[in-house]
Amino acid sequence: MKPLTLLIQILILIGVTIKNMEAEGYNKRQKERNVTTQVSVNKVKQLLSHILEQRKLSKVINKKEYLLEKKRNQHKLKIKGIPNKDVPKRNKNHLKKQAEKNFTDQGDDLFNMGVKILQESKSQKHKAEAYMLFAKAADMGNLKAMEKMAEALLFGNFGMQNITAAIQLYESLAKEGSYKAQNALGFLSSYGIGMEYDQAKALIYYTFGSAGGSMMSQMILGYRYLSGINVLQNCEVALNHYKKVADYIADKLEKSEGIPVEKVRLTERPENLSSNSEILDWDIYQYYKFLAERGDVQIQVSLGQLHLIGRKGLDQDYYGNAIGLYGLGLLHFHGKGIPVNYAEALKYFQKAAEKGWPNAQFQLGFMYYSGSGVWKDYKLAFKYFYLASQSGQPLAIYYLAEMYATGTGVLRSCRTAVELYKGVCELGHWAEKFLTAYFAYKDGDIDSSLVQYALLAEMGYEVAQSNSAFILESKKANILEKEKMYPMALLLWNRAAVQGNAFARVKIGDYHYYGYGTKKDYQTAATHYSIAADKYHSAQAMFNLAYMYEHGLGIAKDIHLARRLYDMAAQTSPDAHIPVFFALMKLETMHLLRDILFFNFTMRWKWMKLDNTVGPYWDLFVIGLLVATLIFLLRNRYR
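So, here's what we can say about the structure. (Residues numbered from 1 in each chain as written. Predicted model: local features only at pLDDT ≥ 70, side-chain atom pairs only at ≥ 80, totals over all residues. Heavy atoms only, no water.)

The grouping of Ile-578, Phe-581, Phe-582 and Met-585 at the surface amounts to a nonpolar patch, some 460 Å² of accessible area in total. Among the structural elements, Met-585 can be located in helix H27 (residues 577-613). Looking at Met-585, the relative accessible area reads 45%, which means it is partly exposed. (Patch = residues over 30% accessible without salt bridge, like charges linked within 9 Å, V, L, I, M, F, W, Y side chains within 5 Å. Areas by Shrake-Rupley, 256 points an atom, 1.4 Å probe, with all protein chains shown as cover. Salt bridge = Lys/Arg side-chain N within 4 Å of Asp/Glu carboxyl O. Helix = DSSP H or I, 4+ residues; strand = E, 2+ residues; numbered from the N terminus. Buried < 20%, exposed > 50% of the residue type's maximum accessible area, 1.4 Å probe, protein only.)

So, in structure tokens, the structure goes:
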């Protein structure tokens, strides 16, 4: 079987990767700090030797059991007088089933150990060992391990990207009913990565994936129905898909599972990719996640602050008092160590909410929404949910979506509910790929970065759409044919623009202006520049539109409007001052030259008319007059 052959090759590749990592780790050992309990290599070896020993023992035991069972059956059959010719066959089948069970159990043990290593270890070397265990478990037919290996091959974990091998594994898994495989094959078909570009096929894969329980497929279908991508636009269907995912995310958030991730725009910091000044370091992120998942309240608070401001740090004392009041409110609300007292909880939540703490605002909203210790009041619930949502409190956004979806306390609005649900869905654990994609791009692994951003883009993340388009535009990736890159980039810029990205709107104008991935169309380019200028006040769009008015490209020539747009661009952005200065210098110079040429032409036309009035030799008369005037002036000068 081909997937098994590939897995053997993968094992060799991982072995080499581990050795390389060990060599790098030796050089950097002084800099590394292990922040969690590491699962040692010896433990892995002990497990493997234990499993192998168990396997040998099971063979011996099975053999002894087989002989005993054979004797018993022969004895019984002799008593009953039944021929015993089928006994060996039956015993053989029994042993075969027993061996298969042992084999399956061994694969499960290897997979579980690999998962444990990933959860409890942060060093890259140990993670590579986890994937080695997954590879061995996959070789034993463990479907979950095969999914892990296919994912590693697709996204290039530990530099082992092999999309062809990943597709073969996913196709094998899809036949076994794996929803993760269905989702992955849908994604690859939608982009034409390693497979034929086929949107209809992608839609079928996503439908099967969502039916099987894939939250990612649900989210992709929700986005497609919301935006009308290869399906008829249908808000209610989109609402149904997004609500399922949002319910799942809200349940995780209520259990304090999952942490926020900063979404870096590659278009805004191409020159700063070597800097970590404004983004969490991957190791720190993993450490925070590790502690948060284990109930570290202080880290959960820190991560909440990280989410609220979208950066690494927050002034420690800014919300300090509010957090304390909110904590006291929670103690009374849940009755942790003290009797439940909703009145006291309400009092503390109100004090913390007055200081602007979003979690307290949410708790107040929830109390009025659910009627916990107070009369139900949907208007007050909406007020507090809205206040908390303005600071990005995810559960507040979720309950606002619930209210708009059901028309509880507000006028029902499917579109508003879907947009709010979408915001909650984008907090899922899959958002971690923003970090891995960013670091892959920073480290020069363009293909791995593109695949991860492209999947997030397919799920409707606007930042991922613009990042994917940016990478495709650079033509540095190798997983797509060069001629497909501009058309795919244009498609992604368009999706990002629809979601309100002004830079993407300008890019669409550029693509139509220069004919990248489409035919040159100055009129369409001018339309997109106008949208970006009018709706988003983009200085670049104003400058481009001014140039088009100056030269009459796709629109009627209008020098005065060009001047106005150039001035507006300079007023909108300080960065536009110098380009606008030179553009206006050129415009005024050209305008002056045109005026001079026009004046000369007009005068010549007038002199031509003198032939009819003064005569055919009027020019000699004028020359004589000029000479006479010159002589007169010179004589007066020398007197």
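Having seen the model, we can carry on.
So, about the pattern of salt bridges. Inspection of the entire model under this criterion finds 14 salt bridges. Here Lys-507 ties to Glu-473 by a salt bridge, and the two come within 3.0 Å at their closest N and O atoms. Here the residue Lys-507 occupies a position in helix H23 (residues 502-514), and Glu-473 occupies one in helix H21 (residues 462-474), the gap between them amounting to 34 residues. One exposure class covers both Lys-507 and Glu-473, and it is buried. Via salt bridges that share partners, Arg-224, Glu-458 and Arg-495 belong to a single interconnected network.

So, on to the environment of Tyr-248. By secondary structure assignment, the location of Tyr-248 is in helix H10 (residues 235-254). When the C-alpha atoms of Tyr-248 and Gly-428 are compared, they prove to be 8.9 Å apart, with 180 residues separating the residues in sequence.

Right, let's talk about the side chain of Gln-452 for a bit. With respect to the helices and strands, the residue Gln-452 is situated in helix H20 (residues 446-458). Classification of Gln-452 as buried rests on a relative accessible area of 5%. A polar contact is formed between the side chain of Gln-452 and the side chain of Thr-436, at a distance of 2.4 Å. A distance of 3.2 Å separates the side chain of Gln-452 from the side chain of Ser-448, its partner in a polar contact. (Polar contact = N/O pair within 3.5 Å; in protein donor to acceptor, adjacent residues only side chain to side chain.)

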